[in-house]
Amino acid sequence: MRVLRFSALCLAICVASNALAHPHVRVAYQVEPLVQSNGIRALQVNWQLDAMTSAQIRDNIDLNKNGVLDPEELQAFAEGNFELMKPHQFFLTVEQGHLAQPIPFEVHSYRAVDAGHGFQGGVHISFVADLPASSNHTDIKVRFFDPTWYMAIQPRPGFGLAAHHDCSTELLSETRDTSMQGQQVVQFLFVQCAKGAEVQPTAQFFPATEPTNGDAL
């Protein structure tokens, strides 16, 4: 379990070091809004980890050294990483579309998948962030950010939104006061969905054409 814990630490606990001034882990994210008639009810999130981080994770969680990440190894890694990421709120902020008012969320269905090597490869982490049942927002701001800059979390090309005919997205920049870096220009993913849309979650998604992701990060 020591080796498994080290892999989880590289994605969560290490970010607590303020001395690390540049990214050591790169993440390409994609979100899929899950919409019901009264608004966006949840976000399905996919993180694609860079090649070096993925290789380190593969080496550390392959405890039986069979060269394959077995389902139980991936599940154990996901469960350990979930507990470590939870105090950091998964580096996720969700806000009302035209305000800086945060929207609370609850994360579940946290899992890890090894997508192999190549542009679509790397270790992927996916989860669902549920918004309150009373939420009736049709537009929200989504932001993934590590204030220590240990992790660089950027949207996939195309603004990080899964293909969706009822929703659109725009990458916005705003000047905000940050807790550790003072006043900074920060980026948000502005997601807007048509009213009355009905969307059901999918188990997992790996886009077919993203030539600058995965092992190319």
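Here goes a summary of the coordinates provided. (Residues numbered from 1 in each chain as written. Predicted model: local features only at pLDDT ≥ 70, side-chain atom pairs only at ≥ 80, totals over all residues. Heavy atoms only, no water.)

**Remarks on helix α2 (residues 51-61)**
For step 1, the next point in the chain: Every buried residue belonging to α2 is among Thr53, Ser54, Ile57, Arg58, Asn60 and Ile61, and all of these are buried.
For step 2, the next point in the chain: In this structure Asp50 caps α2, since a side-chain oxygen of it lies 3.1 Å from the backbone nitrogen of Met52. (Buried < 20%, exposed > 50% of the residue type's maximum accessible area, 1.4 Å probe, protein only. Helix = DSSP H or I, 4+ residues; strand = E, 2+ residues; numbered from the N terminus. Polar contact = N/O pair within 3.5 Å; in protein donor to acceptor, adjacent residues only side chain to side chain.)

**A word on the pattern of salt bridges**
For step 1, the next point in the chain: Within this structure, the stated rule accounts for one salt bridge.
For step 2, the next point in the chain: A salt bridge links Asp114 to Arg58; its shortest N-O distance comes to 3.1 Å. Of the two residues, Asp114 is situated in strand β4 (residues 106-114) and Arg58 in helix α2; the sequence distance between them amounts to 56 residues.
For step 3, the next point in the chain: Look at Asp114 and you get partly exposed, because its relative accessible area is 27%.
For step 4, the next point in the chain: The exposure class of Arg58 is buried, given its relative accessible area of 14%. (Salt bridge = Lys/Arg side-chain N within 4 Å of Asp/Glu carboxyl O.)

**Focus: the state of the cysteines**
For step 1, the next point in the chain: For the coordinates displayed, the defined rule picks out one disulfide.
For step 2, the next point in the chain: A disulfide bridge connects Cys167 with Cys193, and the sulfur atoms are separated by 2.1 Å. Every disulfide takes its handedness from the sign of the S-S torsion; for Cys167 and Cys193 that torsion is 110°, giving right-handed. Taken as a pair, Cys167 in strand β8 (residues 167-178) and Cys193 in strand β9 (residues 182-193) lie far apart in primary sequence, 26 residues in all. The same class applies to Cys167 and to Cys193, which are both buried. (Disulfide = S-S within 2.5 Å.)

**What to know about the side chain of Asp50**
For step 1, the next point in the chain: Take Asp50: it is sitting in the loop between β2 (39-49) and α2.
For step 2, the next point in the chain: Look at Asp50: it is buried, it has no salt bridge, and the nearest opposite charge is Arg26 at 6.4 Å.
For step 3, the next point in the chain: A distance of 2.9 Å separates a polar atom in the side chain of Asp50 from a polar atom in the side chain of Thr53. (Lys, Arg positive; Asp, Glu negative; His and termini not counted.)

**As for unusual backbone geometry**
For step 1, the next point in the chain: Phi at Lys65 takes a positive value of approximately 50°, unusual for a residue other than glycine.
For step 2, the next point in the chain: Along the chain, Lys65 falls in the loop between α2 and α3 (71-85).
For step 3, the next point in the chain: For Lys65, a relative accessible area of 55% gives the class exposed.
For step 4, the next point in the chain: The phi torsion at Phe91 lies on the positive side, around 55°, for a residue other than glycine.
For step 5, the next point in the chain: Locating Phe91 in the fold gives a position in the loop between α3 and β3 (92-96).
For step 6, the next point in the chain: Residue Phe91 is classed as buried on the basis of its relative accessible area, which comes to 6%.

**Description of the sheet that holds strand β5 (residues 123-130)**
For step 1, the next point in the chain: Pairing in this open sheet of five strands is mixed, and the strands run β4-β5-β2-β1-β7 from one edge to the other. Two strands lie at the open edges of the sheet, namely β4 and β7 (151-155), each paired on one side alone. Neighbouring strand axes in the sheet, compared pairwise and without regard to direction, differ in orientation by 25° on average.
For step 2, the next point in the chain: In this structure, strand β1 (residues 25-36) lies alongside β2, joined through 10 bridges in antiparallel fashion. Of the residues in β2, the one forming a bridge with Gln30 is Asn46.
For step 3, the next point in the chain: Against the sheet, α2 contacts β1, β2, β4 and β5, and its axis sits at roughly 80° relative to β2.
For step 4, the next point in the chain: Against the sheet, α3 touches β2, β4, β5 and β7, its axis set at about 140° to β4. (Pairing = 2+ DSSP bridges. Axes fitted to C-alpha atoms, helices over the stretch in contact; angles between N-to-C directions. Contact = heavy atoms within 4.5 Å.)

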